[in-house]
Every structure is written in structure tokens, then in C-alpha cells.
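Listed below, chain by chain, are the residues.
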Amino acid sequence: MLCPTLSLVLLLLLPLAVAFRPNVGKAKTHVNIMKTAIIMKIAEVCRDVERAEGRDFDTPDESLEELLQACLGRDKVGEVSAVAFKSALEQIYRQNALVDNLFASSDGHHFNSEAFVEGRNLISAAVATAKANIQQENFQAAREALGRASHTLQDFYSHTNWVELGHRTPYANLLRPDSSIGPIAGEGEATCSDCDQDSCPSNILPSITREQKLTSGYLSVRSPFKPPGKCSHGGPSDKTSSQHPRGGIHKDEPGPQNRELYAAAVDVAIAATLDLLEDIRSAVGDARFLRLMGISRSSVLCFVIDTTGSMSDDIEEAKRVAFSIIDSKTGTQDEPSAYILVPFNDPEFGPAIRTTKPNVIKAEISKLSATGGGDIPEMCFSALKLALTSAPQSSSIFVFTDAPAKDTHLLATVKALIQSTRSTVSFFITNPGLSRRRRRDAQSGTVSQLYQDLAQASGGQAIVVSKKGLPQATAIIVDSTTSALVTLLQCVRSPGTTETFTFLADESVRDMMIYITGDSPMFTLHSPSGASQSSQVTHGPLGTIQSVGNLCRVRLNHQTGPWRIDMDSRKAYTLKVTGQSSTAFLYDFVEPFEGPHPGYMVIESRPRAGRGAKLLLTVTGKQGPDSLKVAEVSLVDASGSGEAKGIVEELGHGEYLVSMERMPQGQTVLLVKGLDKNTSSHFQRQSTTQLTVSQVTITAQANSTLEPGVAFSLPFTVMASSTEGKCTIQANDDRGFVQSFTKSLTLVDSSAQGLVTLEPPANTPSGTDITLTINAESPDNSDSNYVVLRLSVIAKVTDFSPPVCHIVSVSANCSRNCSLSTWELSANITDGNGTGVQSVSLRRGDGILHSAGSVGEGGVNVTEVLYSASCCSPDVELIAVDAVGNVGMCSHSVRVATTTPLPPTTPRSGSPPLFPSLAVGLCAALLHLYQNGF
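Below you will find a few notes about this structure.

Conventions and cut-offs
- Residues numbered from 1 in each chain as written.
- Predicted model: local features only at pLDDT ≥ 70, side-chain atom pairs only at ≥ 80, totals over all residues.
- Heavy atoms only, no water.
- Helix = DSSP H or I, 4+ residues; strand = E, 2+ residues; numbered from the N terminus.
- Buried < 20%, exposed > 50% of the residue type's maximum accessible area, 1.4 Å probe, protein only.
- Expected span 1.5 Å × (residues − 1).
- Contact = heavy atoms within 4.5 Å.
- Core = buried A, V, L, I, M, F, W, Y, C linked by side-chain atoms within 4.5 Å.
- Salt bridge = Lys/Arg side-chain N within 4 Å of Asp/Glu carboxyl O.
- Disulfide = S-S within 2.5 Å.

**Observations regarding the overall build of the protein**
Helix and strand counts for the protein come out as 19 helices and 39 strands. The proportion of buried residues among the 934 residues of the protein is 58%.

**Brief notes about helix α11 (residues 312-329)**
Across its 18 residues, α11 extends 26 Å between first and last C-alpha, which sits within 8% of the 26 Å expected from 1.5 Å per residue. Buried residues of α11: D314, I315, E317, A318, K319, V321, A322, I325, I326 and K329, and no others. In this fold, the buried residues of α11 make contact with β1 (301-306), β2 (339-344), α12 (358-366), β4 (396-401), α17 (470-473) and α18 (475-480). At the C-terminal side of α11, G331 shows a positive phi close to 85°.

**Comments concerning the environment of T389**
Mapped onto the elements, T389 comes out in helix α13 (residues 380-390). Using a relative accessible area of 5% as the deciding quantity, one classes T389 as buried. Linking T389 and R790, residues 401 residues apart in sequence, is a C-alpha distance of 9.3 Å. In this structure T389 touches L417, D734, T771 and R790, once residues within four positions along its chain are discounted.

**Description of the nonpolar core**
Judged by nonpolar contacts, the single largest core of 70 residues is most densely connected at I42, Y157 and M293. Put simply, the parts of the chain that give this core at least two residues each are α2 (30-52), α3 (64-72), α4 (83-102), α6 (116-135), α7 (139-159), α9 (259-284), α10 (286-292) and β38 (875-882). Of all the elements, α9 adds the most residues to this core, at 15 residues. Look past the residues within four positions of Y157 in its chain and what remains in contact with it is W162, P170, Y171, L174, K251, A265, V268, A269 and A272. Core analysis: the next-biggest nonpolar cluster, separate from the first, contains 34 residues, V414, I418, Y451 and V788 among them.

**Considering the environment of G612**
By the element assignment, G612 lies in the loop between β17 (599-602) and β18 (613-620). C-alpha of G612 to C-alpha of G646: the two residues are 34 residues apart in sequence and 9.9 Å apart in space.

**Considering the pattern of salt bridges**
Applying the stated criterion across every chain, the model contains 39 salt bridges. Two residues, K230 and E114, come together in a salt bridge whose shortest N-O distance is 3.0 Å. Residue K230 is found in the loop between α8 (206-210) and α9, and its partner E114 is found in the loop between α5 (107-110) and α6; the two are separated by 116 residues along the sequence. The exposure class assigned to E114 is buried, which follows from its relative accessible area of 13%. Of the charged contacts, one joins E137 and R288 as a salt bridge, the two residues approaching to 3.8 Å between their closest N and O atoms. Of this pair, E137 sits in the loop between α6 and α7 while R288 is found in helix α10, placing the two residues 151 residues apart along the sequence. Residues joined in a network through salt bridges with shared partners are K41, E44, R47, D48, E278, R281, D286 and R843.

**A word on the state of the cysteines**
The tally for this structure, following the rule as stated, stands at five disulfides. Note on cysteine connectivity: C818 is disulfide-linked to C872, with sulfurs 2.0 Å apart. An S-S torsion of about 85° defines the bridge between C818 and C872 as right-handed. Here the residue C818 occupies a position in the loop between β33 (804-812) and β34 (822-830), and C872 occupies one in the loop between β37 (860-870) and β38, the gap between them amounting to 54 residues. Residue C818 is classed as buried on the basis of its relative accessible area, which comes to 0%.

Printed below as a string of C-alpha cells:
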């Protein structure tokens, strides 16, 4: 089978056209090229990992959800959700598309105007950034760098004459900054003839083609000027295409004059993106590559623990819960993908300890002890901020404390990070060290009110409980550590009301839980079958009720259909209903941008109040997104005051563009209703994080990386509707790199600009990420907004040469019966005057690789390796990586005729299986045929 992921790729792309335009409605282009390559590479890597571990890999042909399940192992127990997987891929796709907005006028980012050196330098810098971030496990920053690099790489094949020169394979030198990128047409050299755009297939001058010189089109949306004789980009927005020589050479989309060239450009762009992914995979290894792509079983388990003197019981309970979860979920689909621990005391907090290894986190938690303290408030918000910036999107964070927060100046930053990351924060608040009066105040909300507000905003719980009752309360942590947790209903009532709530349990939902926090709220449950159970019955026909502190937890017996809960409480309460299901959704608020390549960009702050808004929504399910149909999307006020419905436009393959005519005020949650077409079962899901709007708008873009020891200035803009006066600004980061910032802005004509200056120390490791939060508060202090930016610190890379492998000797006694004979190979690997060989690994071969370490020869370090294998494994490929991620390869084969069948060999990495050019060509050809009506 030449293209094992072909049916999956076709299913994911059809009926969308593949082209080089950005992600706008149904015109998926750069994004589809990226999707095609990523899906093929993920399937290849998962197959190689499974085979290396002695298991068969059954390549799926239905959906991304099936691909995720196959990569994680179909034998693992438990439900799996593709939300984190799709979210990770969306980060790559959207950064790819965003290049057309942030760098619309940059020739280098698009290889326009013969900016070949600049374009390759941008690719090299972005790839180096991605590799450095992956090594530091900063995967979100790495995804963004990968998205930008891939866009520029793909534009080379659309905007230049590479395919007109007859090439049908990628230009390897674009990923080799140590190599030449010529020949390039001279500065004053004519490259195109005059052409009618609608009838001319190519207007490249014959002399340019004959001499195999590179050229690209000039592009301007403002001026028709271009150097005499040069090609234009072309298209309706390019004013240079009206100047002689007229026409254009772009292949961004197919037309009657360029269909064959367009199809070739798409084909080669897919292959080039595969090469880019393979280069990163080889540099970082298969495990980290798959984590980069979002292949993980479950969310991160994150503990934030107060370690002051009165917390000994709480620490012991945190240890017990963590150990129980680690031990019980190891090897299941609910095994956490990573663990984070952030301790805090006063005045110390942190560091954030992050690991993927259960034994490591066990050891770190075991080291905790309760010491110190003094005055009651502690550095809780500083630790929570560190956890929010250390954990990936949509994490569950659990805070253990018995004291209020001292660092309340960080409240706005913490709220911004919660909304930006959509992480769920739950607090376990115990108060044995306080006086009886203070303990009574804590129960009534004085001490814990801020914690309650943050928990409600994030969709978490604020549980006030005695230390004796803590073991019963922490059952919520076990409930939450699942890959497939979904929210069916959540609301806040303050003051409480007598009210009836309904929620729908579809056929995919399992393990439903109800959580109610409040002062002894009364309620009655009603099942789809008509049975009922009051809150006074702990073990009844509908479920088991457990109360501890201010938390009531109900484990429901499984019934499909509409449920009802009648609440009867005049005091404030929160209500949340969750379940486990692979049917879920993710979303982002977006705004359109114009230009030669229009599209949508994600809004990184609160939407504007009183205005319309758009959001991109993606649904995912066990049988793939096409098995689901979204019927209704609305914003529901968390306090029950109203609901605003959106206009839903289906884009295909589980994606929808939702238009809100006017954003509602107050705290809202997103409600999605739809139909599972496979089961004819209706479903409903809610977002966990509460959404708010603002009259204040703050914008900033981080368009470059930081360098160790060098100051970096970041401008930002604040606007406030119909408001004059001074806005108060707060800016801080999780590394302490902010040196100064504009602390207030006087709004003139409702806007003003400020500046934040950061300076990472000279010894900051390359790949360190920074989460910068800028908050702006309106002049009357009634409104605020934020922007959260992720920045990377990257040391200048001067080593672009990959390690070199020299095979010293091969010794083989292979006979016709391969199982009775062996062979071995020795090789020397050097990195010249580069940064040094960091690792040598096997990419192909079932033998044993030994490293004899490094020796010095003539001032150059030489890494000696020895490989031995059975003659039934006659092929070997070694991967050598230096300190900055340059990759070198060497391979050898001792194939002979045998009487024993040879096992299947792994295709050479960096290409689709078996015949790389044919496989990519077949995929692209079938896509091309479909676009033209097959």
C-alpha cells in the first residue's frame, strides 16, 4: 500500500480544496497542506514506535480520533478524547495562517520579490526556535514556531518558479542553512515576459529556465512599481501585475492557465512539509515529537500546595491522592500525560516541578514538609500564576491551602491566565489554625471569597472543609483526572433561588457526577425514566450522595435522556454536572483580517462588549466529527439572566463559524447542542471557563524571539470605547524578566500606546519560554482587559552544519539462513567545530547500538559507535544530533539472499512509506482529480 493514510487524508480534506490561500471559511489551503503532511507523519511515527515495541500498528482510515486511539494503543482501558490533540494541531495551523496577517508585507515570509536569503533565514530561525522549545518541553511555543516555518516553506513552491524549472521534489537547501541557495536571478535581470493572466500558463523567460535560476513575483497592494522586467505575483490585489511585464506567477489557487503547475506546487509543498517534520522529529526523538503533536492520553495533573506550618495534614492528603491516582491510572487511557507540582510558603513559592514520570513526581511530593509561615496570608496567587503558566491549555489545577492570599495584586493576572488557558482551578480550603471567629468567617466567605470567585470563573470548585473531612472532598480530583471529561451543565446563583435545571445525557456519556457547593442546599433529582430522589436520601434509585464541608457530590446511576434537578436554596450555591464522553468541542473567538490573503485570527483577550463577535468551533467524537451535527450554539448567563443564540455556519469536518450579533454582558458559558448521527442521540455540552466581555481592548503581538542578555521592547495598544482619562497598566511574567512598563496611559481619542521592556539574563537557556500578561484597567476602574503572550528566549545559532558519520568497518558473516548469523558495524561521528554531538540513536534496525564515548582526534571530538544485529535485520540507519538540533544520518545494508523470510523493514524516515515521491504524488494526484470533478 503506497499511501497508508491516503483514505484518512482524503476524508479529512474533502470537500475542501487544497491551495495556498489561508484558512477562510471553506477555502482551506495552507492549513490543508499542513494537515496532510502532519497526519501522514504522525501515522508514520506511531507505526514506528509500535513496531519498535513489538506491536502491530493498524493505520486508521476514518478520522483523527481513530488516529489518536491507534497511536495511544487500542488495548488501553478507558475513554479517550481528541480535544487536546486537535487543540495542539490547531495551534500549528493557525500560526501558519496568521503569517498572512502579521507579516503580510514581509517579502521574506512569503519568498516574494526574490527575497530568497531572507526567506530561508526565517525558516532556519523558526526551526531552531521550535527545536529549542521542544527540548525545554515548551510545546505551545514550539507549535507556533513550526506553524510559521511551514507557511514560509510552503510559499516557496507557490510564489517562486521552482516547479516551472521542472522540479517535482523539495528543495533540500531550504532546510540546510549551511548550503547555497542559488543560482538566483540578478538584481537587474529580466525574468518574465508580458502575459495575459487569463490565458498564459507561464511567462517565465526561457533564459531563466534554461539557466535554472530562481525568481519570484513582486507583490504590492499599494503601488504598481516593480523593477523593470521582473515577474509579478499576480492576482486581483497585486497592483504590480498591471505593469509591464503583466500577469503573475503565483500558484496560490488553481486557474485555467496554471492547473498543472498548481497541482505540482501543492504536491511538492506537501513533500517539503514532510521533510520539515522529519527534521524536527529526528532532532527531538519520537516521544517528544508525538507530545508536540498533542498525542497524549489525558490532561496534566497539577498540584499547588501550601507548605506552611499548619498544613501537615493537607500535605499528607495531597500525597495520598496523588499516589493513588498515579498507581491506579498507570497504563490506562486516563494516565496523566504530565505532572506538575508548585509548592508555596511565605515569602517563597515554586519552583514549578514538571515531569512525565510518575516516580519522579512521587519523590518530589514526598519531599514536602510543613514548615514556616507566621502571619496568616500566604503567596497563593504567585504559586497559582506559576502553575497556570507551566501547565498546558485546559489543565486541571488543585490548590491546597488553609489561609487567604497575601499577593492579591496578582488577582487580575490570575484571572487573565485562567480565561486565556481555560484551565480549571479547584481549591481545598481548610482552617484548623485559625481562631473560632476566623474559622466562622472562612465558612461564610470572608477568607475564601477570592478563591470562590476564581473557582467559579474557571469552572472549578471552592471546597471549604475541615482537615478531617479532606479525604472525602478530594474524591473530586479522582473524578477529574480523565481524558474525556465533559461539562453538561454549570451555573452560579448568588443569592440562591428556587429553580429547576435540566441537562441531557446522550448515549456517549458515562460516569455522570453532580457537584453542588453551598450552605446545605436542598434539591430533588428526576431521572429520564420519571423516578426521583431527594437530597436527604444518600443511597437512592438515582445515585449516591456524599456531603463534606460545603460540597455535595452526587454519583448518578447511568440513564440516557433528559434529567432534571429542582434546587431549593435561598443561599448562594454553584451547580455543575460532568460526565465522561469522547463527544466534546473546542472554540476560539476570532476576527477577520484583510489583505492579499484574508483570513481569521484568534482574539487573545476578552471580546468587545456590546458588539458582534465570531468564533470558530470544532466538535470531536469517537466516530469522527462527521458523525456529529451542531444544531445550536449560544452564550448562557451563568447567573441565569439570559441567553444569546449565535448564527451557525457549517464549514465541514466538524468545524463551524458562529456569529454572535451582540455579545451579552456578565459571566457567560458557551452551550453547544447537536445530534450524534450514528446513534440519533441529541447531545449538549458546555464550556467550563466563564466568558466575560470588556469595553477595553488591549492588543500586542510578539513577532520575534528574545536573546539572552539583550533587552527586548514590546509595544502594546489600549483602546476604550467612549472613554477619556488614564488607564492603569499591570505587566508581569512568570520568569521575572520584565524590567519596566508603562504604568498608566492617558487615552486620547479613546486610545494610547505603551511599552513593556524585558531582559532575560545572559545565562538563560535557549528554548526558555516566557508568559507575559498585560492588564489594562479603565479610568473609572469599572472594567479591564488583558493580553497574554508567550515569548521564547533563543540564543543566536551559529552552527548550521549537521554531524558527519563515517563508517569505519563492517564485519558480516551472513549466510542464507539469516537467523544463524550476525553482522556488526563501527562508525565515527564528528561535528567538526560545531556545538558537539549530543545523541546518537537508531532510526532503523533491530540490533543493539553501543556508544564508546567521545575521543579527541586532531582537536575534534569523535563519537565512536558500534552496532550489532542479526542478519535477519540487514539494514541500519543512525541519527546523530548536535547541541542545536542539526541532524546527520548514515545508513548501511548487508542484504543477502536468505532461506528465512526477512521481517518487514521500516521505510527510510523523512518520507511517506516505501516509495516517497510516488506516495506523495499519488495523494496529491487523487486530491487534484477530486477538485476537478472525479
